Amino acid sequence: MRTDKIVPLPPRGEPPASRTPPRAQLFPDDESLLPEGSVVDGRYASHDVVDGADYVVIGTGAAGATAAVTLASAGYSVILVEEGEWVRTKEFTADVDPAMKRMYRDLAAQITVGPATYAVFQGRCVGGSTTINSAIALRAPDQVIERWGTAFGLGREVTPAILAPHFDALEKSLNVVAVAERVAGNHNTLFDKAAKQLGIQAQPIRRYDGGCLGSASCITGCPNGKKLGMNITYVPQTLKHGARLYTSFKALRLQTRWGRATGVEAQAPTGAMAVFQASRGVVVAASVVQTPGILKRSGVKLHALGRHFQAQPGTSFVARFDKTVAMDFGATQGFNSTHFVESDRFKIESLSLPPELLTLNLPGIGPSLTSKLHDYKHLLNWAMVLRAETEGRVVSMFGKDLVMFAPTQSDLGRVRSGLKKLAELMFAAGAKEVWPNIRGMGALKGPDDLRMFDSAPLNPSYYSLMLSHLFGTARMGPDARDAVVGTDFQVHGLRGAYVVDASVFPTNLGVNPQHSIMAMARLGATRIIERPLPKI
Ligand SMILES: Cc1cc2nc3c(=O)[nH]c(=O)nc-3n(C[C@H](O)[C@H](O)[C@H](O)COP(=O)(O)OP(=O)(O)OC[C@H]3O[C@@H](n4cnc5c(N)ncnc54)[C@H](O)[C@@H]3O)c2cc1C
Ligand code: SF4
């Protein structure tokens, strides 16, 4: 007899009233609510552009938007340059295909180079990856930041105590709260139940939450305007402070003169060129993959640039239940556990995927795959994220920024252990069948089959990893011989060029990075304001 408490679902095919997007509603990214002339769309640029401001910020994601709003609200004029377009909330749907085409880098087909090919997911749109992410907001563990001080020379310049007020301010401004019970959904509550049964500490996930309705579609953009990504928060706020945003303009390089950054050259898809003059400085926040290329094209030759790439690769897999799970209702990611982060370097979490993406995790083709998809309401998908030890590189070749990443045997061993733990949790939650997403490994029918994981080969090509938590390619440190920026976030040897994204992180974290990226970007912008360079 089944005893699990399942939240009643609406009749098949009929969404709960709360999930129907209120399309007539105005959201903060609506054109009519933004200052006139504050957004220039490069898709329609018919002639070259010259503009100027105190600061030019490259990238509108977690780091760029946070730095921009901090600078603009302190009274500085700001120009934001964004390679992607601004897809507005009123255009968001749960359809995966158009979302990936318009908002993901390389149509979501960016991959690593190396012994195995893994997906590298990044947003390429206004709001960057925050527009298409799950809004998980976790602080970096204190031990990680303390180690940056002792092992990477950040000393007393970046400490948990220095970051704390920035985390506090972000949590207040972006309403960081735990997922509400009413929108948890079964795929999240089952995680809680299984964790309790196995004695594993787990918590509802804290997120940037403006009143989530549980539509489980964070990764295609929140159609309800409830996920507080940069696209509907700090970017519109920056514009209201008088800033201008150039969308669909790709920053090519920094302009420099006598060892100082003076502006940015950019190009629109129409071929129109732009020069954005920066009288006080340029803030680079184009992400761990794109920032090194921009700096290299600007003549920065530091040895560490593009090296020390780190990641927290993730993978997820599916279980089938007899009872209805309906993972299309509930916060996309609502429960997680950091229980194994310190001991085994992996974090586990629930993750709802739409049917189109679930095909990547389901075995079989043709009728075998179709029948599994047909059973969507009975399927559940959970994920693990590894704090990998592997270091890779980002290189610019053929006009592209390529990620080279080859996981070590010990990293793969930890992935395997994480997957085994997740499968154990799935069975504790009542799963009848588990498909482990490791090449050559068949379906698991019960806890006795868990031992099959122990003989899975530690071969990179056997695992289906996905990289979206990225770090380290312009790392911070006092010595220009093995770091790219100092603790003032300024590029060694190039005054007025600042980097504030996760490229500057000396290491990965063990938890989802957006919150720490924003705290560091806020610290960086604050330091720029406190230690301004003379205007040129
Ligand atoms: C699907 C997905 C889910 C995730 N879920 C979470 C989560 O729930 N919680 C969490 O903590 N983390 C999550 N992450 C990771 C998190 O979103 C990123 O770590 C974070 O957004 C990175 O911040 P960033 O500012 O460095 O880069 P981004 O947010 O990616 O922004 C960089 C921006 O720079 C722009 N850009 C790049 N090159 C140029 C150029 N040459 N000129 C102009 N603009 C340029 C890009 O188009 C992009 O908009 C997720 C990531 C993905 C992809
Ligand atoms: S689950 Fe995500 S997309 Fe859906 S309402 Fe909540 S925040 Fe928005």
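Above this note sits the structure.
Quick look at the structure, then. Predicted model only: the values in this text are computed from it and were never measured.

Notes on the overall build of the protein chain
- The helix and strand tally for the protein chain stands at twelve helices and 23 strands.
- Over its C-alpha trace the protein chain gives a radius of gyration of 23 Å, about what one expects of a compact globule, namely 24 Å for 536 residues.
- Considered along the principal axes of its C-alpha atoms, the protein chain spans approximately 75 × 50 × 45 Å.
- Looking at the 536 residues of the protein chain, the share that counts as buried comes to 54%.
- Counting contacts in the protein chain only where the partners sit at least 6 residues apart, residues at least 24 apart contribute 75% of the total.

Focus on the sheet that holds strand β19 (residues 400-404)
- The strand order β4-β19-β18 describes an open sheet built from three strands, whose pairing is mixed. Across the chains shown, the open sheet's two edge strands, defined by having one partner strand only, are β4 (112-113) and β18 (393-397).
- Direction of pairing for β18 relative to β19: antiparallel, over a ladder of five bridges. For V395, the partnering residue across the bridge sits in β19 and is L402.

Here we look at the site of ligand 2
- Close contacts around ligand 2 come from 13 residues, with C212, S215, C218, C222 and K227 the closest.
- Here the residues of the shell around ligand 2 are counted per class, giving six nonpolar, five polar and two charged.

Here's the deal with the site of ligand 1
- Near ligand 1, the surroundings consist of 41 residues, among which G59, G61, G128, N133 and Q514 are the closest.
- Listing elements by their share of the shell around ligand 1, those giving two or more residues are α1 (62-73), β10 (250-257) and α12 (514-530).
- Here the residues of the shell around ligand 1 are counted per class, giving 17 nonpolar, 19 polar and five charged.

Some thoughts on the pairing of β10
- The pairing of β10 with strand β11 (residues 260-267) spans seven bridges and is antiparallel. When the sheet's bridge partners are listed, L254 is paired in β11 with V264.

Some words on unusual backbone geometry
- Residues other than glycine seldom take positive phi values, yet A216 does so here, at roughly 55 degrees.
- Within the fold, A216 resides in the loop between β8 (206-208) and α6 (234-240).
- Located in the positive-phi region is A326, a residue other than glycine, with phi close to 55 degrees.
- Looking at the secondary structure, you find A326 in the loop between β14 (314-320) and β15 (335-337).

Thoughts on the pairing of strand β17 (residues 379-386)
- Buried residues dominate β17, accounting for eight of its eight residues.
- Burial of the side chains of β17 extends over both faces: L379, N381, A383 and V385 are buried on one face and L380, W382, M384 and L386 on the other.
- Alignment of strand β16 (residues 346-350) against β17, held across five bridges, turns out to be antiparallel. Considered in β17, the bridge of F346 is made with L386.

Points about the packing of α1 against α12
- Relative to each other, α1 and α12 sit at 35 degrees, their axes nearing to 8 Å. The two elements α1 and α12 meet at a crossing, and its hand is right-handed. Packed against α1, whose contacting residues are A62, A63, T66, A67, T70 and L71, the element α12 presents Q514, I517, M518, A521, R522, G524, A525, T526, I528 and I529 at the interface.
- Its residues assigned to classes, the contact of α1 with α12 comprises ten nonpolar, five polar and one charged.

Looking at the packing of helix α5 (residues 186-198) against helix α11 (residues 409-428)
- Packing of α5 against α11 brings their axes to within 8 Å, and their N-to-C directions diverge by 100 degrees. In this view, α5 runs roughly perpendicular relative to α11, as classed from their interaxial angle. Contacts between α5 and α11 involve A194, A195, Q197 and L198 from the first element and E424, L425 and A428 from the second.
- When its residues are assigned to classes, the contact of α5 with α11 shows five nonpolar, one polar and one charged.

Cut-offs used in this document
Residues numbered from 1 in each chain as written. Chains lettered and ligands numbered in written order. Predicted model: local features only at pLDDT ≥ 70, side-chain atom pairs only at ≥ 80, totals over all residues. Helix = DSSP H or I, 4+ residues; strand = E, 2+ residues; numbered from the N terminus. Rg over C-alpha atoms; globule rule 2.2 N^0.38 Å. Buried ≥ 20, exposed ≤ 12 C-beta atoms within 10 Å, placed from the backbone. Contact = placed C-beta atoms within 7 Å. Pairing = 2+ DSSP bridges. Near = placed C-beta within 6 Å. Nonpolar A, V, L, I, M, F, W, Y, C, P; charged D, E, K, R; others polar. Axes fitted to C-alpha atoms, helices over the stretch in contact; angles between N-to-C directions. Left-handed = near helix turned anticlockwise from the far one by under 90°. Parallel < 35°, antiparallel > 145°, perpendicular 65-115°, else oblique.

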